[in-house]
Amino acid sequence: MTRLPRCLGALLLACPLLLTACADTRGAPDAGTPPVVGWDGTSTPIEEKGDWIDRGVFAPCEFTPPLGTEIDCDTPALFNLSQCNPSALRTASRHGIYQTELRPDTGEYPWSGAGLLLPEGGGTGTSNFDRFTRQQFDDQGMLLTSVFTTTRGVAIKTALAGCDVPQPHHITGCYAVCTNGVLTEKGTFDADRLVLSRGEAESSGGLNLVSESVVGIGHPVDVYVTKNHAYVVSIQLKPDMPSGGLTVFDVSDRNHPVLKKVISLPGDGYWNAAWAKDDVLYVATKASGVILYDISNPGDPTYIRSVPSGAPPNVHTLFVDGNRLYAMALRPAQTIIFDITSPRDPVLLNRVVFSSEEFVTSYPHDSFAYEGRLYINHTDIGFLVTDPSDPMQVKELGKYHYNRQYSHASAVGTFAGRTIAFEGSEQEGAHLRVLDVTDPANIQLIGEHRLRPTTSIHNMILKGTKLYVAWYQEGVRVFDVANPTLPKEIAYFNAYRETDPKRLGVVYEGVMGMRVPGDGFVYAVDTSRGLLVFNEP
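Residues numbered from 1 in each chain as written. Predicted model: local features only at pLDDT ≥ 70, side-chain atom pairs only at ≥ 80, totals over all residues. Heavy atoms only, no water.

**Q** Any chance you could explain the state of the cysteines here in plain terms?
**A** Formally, a disulfide is one covalent bond, and it connects the sulfur atom of one cysteine to the sulfur atom of another. For the structure shown, the criterion picks out 2 disulfides. The disulfide that involves Cys73 links it to Cys178, with 2.0 Å between the sulfurs. When the S-S torsion is 85°, as for the bridge of Cys73 with Cys178, the disulfide is right-handed. Of the two residues, Cys73 sits in the loop between β1 (62-63) and β2 (79-80) while Cys178 sits in strand β9 (residues 170-179), which places them 105 residues apart along the sequence. Among the residues examined, Cys178 registers a relative accessible area of 3% and is labelled buried. Between Cys84 and Cys163 runs a disulfide, and the two sulfur atoms are separated by 2.1 Å. The sign of the S-S torsion, about -105°, decides the handedness of the disulfide formed by Cys84 and Cys163: left-handed. (Disulfide = S-S within 2.5 Å. Helix = DSSP H or I, 4+ residues; strand = E, 2+ residues; numbered from the N terminus. Buried < 20%, exposed > 50% of the residue type's maximum accessible area, 1.4 Å probe, protein only.)

**Q** Could you clarify how one ought to interpret the nonpolar core in this entry?
**A** The nonpolar side chains of soluble globular proteins are, as a tendency, buried together. In this structure, Leu281, Tyr282, Val290, Leu318, Phe422 and Leu467 are the most contacted members of the largest nonpolar core, which totals 85 residues. For Phe422, the residues in contact, after removing those within four places along its chain, are Ala409, Ser410, Ala411, Phe415, Leu432, Arg433, Val434, Met460, Leu462, Leu467, Val481 and Pro484. Counting 20 residues, the second largest nonpolar core, distinct from the first, contains Leu89, Tyr98, Met142 and Ile156. (Core = buried A, V, L, I, M, F, W, Y, C linked by side-chain atoms within 4.5 Å. Contact = heavy atoms within 4.5 Å.)

**Q** What am I meant to see in the side chain of Thr379 here?
**A** Position of Thr379 among the secondary structure elements: in the loop between β26 (373-378) and β27 (382-387). Within the structure, Thr379 has its side chain in polar contact with the side chain of Ser362 (distance 2.9 Å). A polar side-chain atom of Thr379 sits 2.9 Å from the main-chain amide nitrogen of Tyr363. Sequence-distant contacts of Thr379, defined by excluding residues within four places in its chain, comprise Ser362, Tyr363, His365, Gln405, Tyr406 and Ser407. (Polar contact = N/O pair within 3.5 Å; in protein donor to acceptor, adjacent residues only side chain to side chain.)

This is how it looks when you write it as structure tokens:
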């Protein structure tokens, strides 16, 4: 097991780890100013607890040596399992996918997670991509060990020993982490098998699957829908995995999408986001910046060029607001602003850098433009509110930050005269936050919604008083946010199945990208199942 970076963009750095444009999904005119229903605009700020809430020690076992000891973590005799329940372990599922919450003995940050993939038939499993060097899971107990070597040659060995099965689909135990032969962390874990363990059905609330289309290249992550076509982009997750690109489906018949074209470029296999204006499709890529395609013939995109000129930045996400294109770049970290009055000929206006001495690794992951403000999910720095009216002098108006933040995605609208932002991080335990950003200098947390502590939000879309959330292994979740202080889940679809082809056993897989263009359908992208089309509930 290794510490998988908290974002797919960061993962790749660490591992060398939407109908018409005027009716798009996140910046649609009806995404804001919903009717006042059940809320008068007053709220009481609530406590920010972070993404991780300490639930206490998971199991009555321990790895006995003290921290700092020169030791090999893969030493079964060093685990004290005398208080464990071996008979219960014999009932545990020995195959499937588990997401594991690791709690250090200190009960303090950092906490982390591990994705465990245990194949049927006795094959070698993996932990966050790394193959087990020891895989014992039998009537005698459970001991799993893996080793991750960083690009700088640091060897990180992690061992997990099973202790009990406190409830169905859960295994608890203790773990140890050795870095270059020195014990650097130890604690207990709770491994949650990713099945429908909460008594849920496949779907609820009228969110029904209309069609499913396989994406044959890479790891599909996002979709944009325009001109009765769905443009799905895919990434190359690791150098030894298939390259990504663009897959085009004709969705004129939502029940039977038709594959029209597949596009990839040599040396550029990481295509993470797409957006369109008029007859131009913009694609965010790692190696080419923003690539422009002519979609006047929507089923046959043709290459125009890439922007900006010069050394291309690693562009991760895009947002189109009127005649502005905002491109969020990971490396070098910057918000790139283009004038797209002429969609085929973007004019570079500025490259904005928000700096912080404390968070030098932060970068803008996503953005949302609304009523003259640009809201930027700037990972470690936090959720920024900016004024981009003068692109040469973008002003930072305020930010929301909490311990171990990784601000990832957001959607903003107006409720009862207040400007409300829905925000999510990306890591184990990442959940929905509701922020009153009416006064950017005094942002208040006024609501939240949590699911399992081992899963993560990826993206979200605000459509009137409905909030659609792509929640990785939790699938598609739909909330009534007419009263934003109390998000109410009204529909869901559990898309994640551990038996699907190409499942990787990591926290960052499942439903990622989503669009609700107003045509009566919801378009989502699952990293294994591809393009999923639902009726809009």
